[in-house]
Amino acid sequence: MKIGGVGLAHGKVGFPAREGDGGAAHTVVAQAQAGHGHGRIRRQAQRGTALQLNFGLALDAEGHHDDAVKQYQAAINQYQQSTVPKPGLGLADAHYNLGIVKYSQGKYEEAAAQFHEAINLYKQANKQDRQTTVYKTSLAYATYNLGAALYSNRQYDAAINQYRIATKQRPNDADAYYNYGLALDANGQHEEAITQFQQAIRLYEQAIKQKQRPADQRPGLIDAHYHLGLALYATGDYDGAIAQFQMVIKDIPEAHYHLGLALYAKGDYKGAIVEFRSALQYNPKWAEAHYHLGLALYATDDYDGAIAQFQIVIKDIPEAHYYLGLALYAKGDYKGAIAEFRSAIQYNPKWAEAHYNLALALQHQGDYEGAIAEFRKALALKPNNAEGH
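Below is a summary of the structure that appears in this document. (Residues numbered from 1 in each chain as written. Predicted model: local features only at pLDDT ≥ 70, side-chain atom pairs only at ≥ 80, totals over all residues. Heavy atoms only, no water.)

**Observations regarding the pattern of salt bridges**
Line of reasoning, step 1. With the rule as written, the count across this model stands at seven salt bridges.
Line of reasoning, step 2. Here D304 and K331 are joined by a salt bridge, their closest N and O atoms 2.9 Å apart. Of this pair, D304 sits in helix α15 (residues 303-313) while K331 is found in the loop between α16 (320-330) and α17 (334-347), placing the two residues 27 residues apart along the sequence.
Line of reasoning, step 3. Residue class for K331 comes out partly exposed when judged on its relative accessible area of 45%. (Salt bridge = Lys/Arg side-chain N within 4 Å of Asp/Glu carboxyl O. Helix = DSSP H or I, 4+ residues; strand = E, 2+ residues; numbered from the N terminus. Buried < 20%, exposed > 50% of the residue type's maximum accessible area, 1.4 Å probe, protein only.)

Laid out in structure tokens, this is it:
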């Protein structure tokens, strides 16, 4: 999976009715829409009471993250030094907001620590606060964002645990199921991920049908279909994957590449060629797309086309030496094939097929002694199945 930066959407925050007592601030719930390779991180409604907390929110909204950190830390210090036995939920909010900024700076471990502290503080709230919708939302979003920070830090098991809790806290939250699916998929739990992506899709579609912010829901729906396709492909359900990629191909150009992989896996090499070429129109420097286009062209006996593709990526994908060797061999260029098979073996000395096909090429060149040596190496590496591919 390809992961980039996550953008944050910011709500407008006004000053609270009373300063320093955990009263309600005037704000809106906003949700950041990340790219299709990313999780989503949310900004909840805040009740911060300290001047520093609200000042930090304003600075963060304008992109002054370092200054925002200073204000949030000042708010935390103020709460900690307060003589009030329980500073209310403001201290939890300060940690939460500090986590948001740390996340936006790519400091995921620090962000996770702040969200974790916010959760602990929210759980210490008094009984009256715990009955409020704002409290329940705050705790759910802190849990959700802790999952996002752990996921971004590649702590997938821990992220899965947080998202499991988040989906129970907000069972109608499509984003929570989507992120849950991402973490499971990244952890190699593809079947479980499929279930979560399917639930996310149902909830996104339901929200759109009920006209609940349809403009906000559609990107999530597209992303869920795309990642469902990836998970289905990983389980060998190529037909299912193809259906998902075809749904989103107009919105996510990268889907052409993955659709090509699924078609190739089904033996539809001509269809795969079309999709790999479309992927390269989107990104002409996509090495993997060139490589797999080469494989598909080779499978259709277009050796010249395959050779051209493998030569483009040979510096980035060492395995291309082997397949370039096969294409040259198929064209009768045994000398060129020998050079490529030797390069493949330098990359992976235990590649039995490379030794085997090198032996065949040497045999064609009349180097029987060299061929015998390579046949022996191939047999030693794969005594029951030393044959060329």
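Still more to cover.
**A short note on the nonpolar core**
Line of reasoning, step 1. Y96 and Y122 are the most contacted members of the largest nonpolar core, which totals 111 residues.
Line of reasoning, step 2. A per-element tally of this core places helix α6 (residues 133-152) first, with nine residues. (Core = buried A, V, L, I, M, F, W, Y, C linked by side-chain atoms within 4.5 Å.)

**Some words on α16**
In an α-helix there are 3.6 residues to a turn, and that puts residues three or four apart on one side.
Line of reasoning, step 1. With eight of eleven residues buried, α16 is to be regarded as a mostly interior element.
Line of reasoning, step 2. What α16 keeps buried is the set A320, H321, Y322, L324, G325, L326, A327 and L328.
Line of reasoning, step 3. Summarising the contacts, the buried residues of α16 are in contact with α14 (287-299), α15, α17 and α18 (352-364). (Contact = heavy atoms within 4.5 Å.)

**Observations concerning the packing of aromatic side chains**
Line of reasoning, step 1. With the rule as written, the count across this model stands at 19 aromatic pairs.
Line of reasoning, step 2. With 5.1 Å between their ring centres and 65° between their planes, Y103 and Y108 make a pair best called edge-to-face.
Line of reasoning, step 3. Classification of Y103 by relative accessible area gives buried; the value is 2%.
Line of reasoning, step 4. Each ring, one from Y264 and one from Y269, has its centre 5.1 Å from the other, and the planes form 65°; the classification is edge-to-face. (Phe/Tyr/Trp six-rings, centres within 6.5 Å; stacked < 30°, edge-to-face > 60°.)

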